[in-house]
Amino acid sequence: WILFESGVFSMANVPRNFRLLDELEKAEKGGRPDVSIGLETYDDNTLTNWTGTIIGPVGTVFEGRIYSLKIYAPDNYPRAAPQIQFVNKVNMACVDGSGRVDARKLACLSNWNPETTLLKTMVEVRNEMTNPHNRKSAQPPEGSTY
């Protein structure tokens, strides 16, 4: 853990694997009923490949659907943003034709802050579902995947 002279703690300066282990531990203890994250395989010692689940927000075309996502934490995370890709087909302004979240079109990725966690990033993806340009967009058939 790193303390600055001012006594302020910053997760951005913790070594990558310590930071990701902390994020994993917090995610496993629970937190949000509508968004979750975890390692893709339990034996991923590099803590690189993650999965995420988003439950579609009420009052949107996503309501009642469960979305699976792949999350890639690069070697220089948290200095660099994660890469996110939907497994389930989805129609959103920030998602390209192969399911990748376009970092230029999602504020938390385009203006990446190393203090942002993988879970917070997933919450922002879910929040994007409630934006007016996404909330009523026609969606692919439920269960279809990329």
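Structure first, text after, so check above.
Residues numbered from 1 in each chain as written. Predicted model: local features only at pLDDT ≥ 70, side-chain atom pairs only at ≥ 80, totals over all residues. Heavy atoms only, no water.

Asker: Describe the layout of surface pockets, and please don't skip the residues or the numbers.
Answerer: The computed volume of the largest pocket comes to approximately 180 Å³. In terms of lining, the largest pocket is formed by Glu-40, Asn-49, Trp-50, Lys-70, Ile-71, Tyr-72, Gln-83, Ile-84, Gln-85, Arg-100 and Val-101. Within the residue set of the lining of the largest pocket, elements represented by two or more residues are strand S2 (49–55), strand S3 (66–72) and strand S4 (83–86). Its residues assigned to classes, the lining of the largest pocket comprises five nonpolar, three polar and three charged. (1 Å grid on protein atoms, 1.4 Å probe; cavity = no way out; pocket = protein on both sides within 12 Å on 5 of 7 lines; lining within 4 Å. Points joined across faces, edges and corners; volume = space filled by probe spheres on them. Helix = DSSP H or I, 4+ residues; strand = E, 2+ residues; numbered from the N terminus. Nonpolar A, V, L, I, M, F, W, Y, C, P; charged D, E, K, R; others polar.)

Asker: Give a detailed account of the pattern of salt bridges, specifying residues and quantitative values.
Answerer: Using the criterion set out here, one finds eight salt bridges in the structure. The salt bridge partner of Arg-19 is Glu-23, with a shortest N-O separation of 2.6 Å. In this pair, Arg-19 and Glu-23 are both assigned in helix H1 (residues 16–28), four residues apart and thus about one turn of the helix distant. Each member of the pair, Arg-19 as well as Glu-23, carries the same accessibility label: buried. Asp-34 serves as the salt-bridge partner of Arg-126, at 3.2 Å between the closest nitrogen and oxygen. With Arg-126 in helix H3 (residues 118–128) and Asp-34 in the loop between H1 and strand S1 (35–39), this pair connects stretches of sequence that are 92 residues apart. You can call Arg-126 buried: its relative accessible area is 14%. A single network of salt bridges, built from pairs that share partners, joins Arg-32, Asp-34 and Arg-126. (Salt bridge = Lys/Arg side-chain N within 4 Å of Asp/Glu carboxyl O. Buried < 20%, exposed > 50% of the residue type's maximum accessible area, 1.4 Å probe, protein only.)

Asker: Give me the sheet that holds S1: which residues, what numbers.
Answerer: Backbone hydrogen bonds hold the strands of a sheet together, and the pairing may be parallel or antiparallel. Spatial strand order, S1-S2-S3-S4: four strands in an open sheet with antiparallel pairing. Looking at the sheet topology across the chains shown, the edges are occupied by S1 and S4. Taken over all neighbouring pairs, the strand axes of this sheet differ in orientation by 25° on average, direction set aside. Pairing geometry for S1 and S2, over five bridges, is antiparallel. Residue pairing across strands places Ile-37 opposite Gly-52, the latter belonging to S2. The sheet strands contacting H3 are S1, S2, S3 and S4, and the helix crosses S1 at an angle near 140°. (Pairing = 2+ DSSP bridges. Axes fitted to C-alpha atoms, helices over the stretch in contact; angles between N-to-C directions. Contact = heavy atoms within 4.5 Å.)

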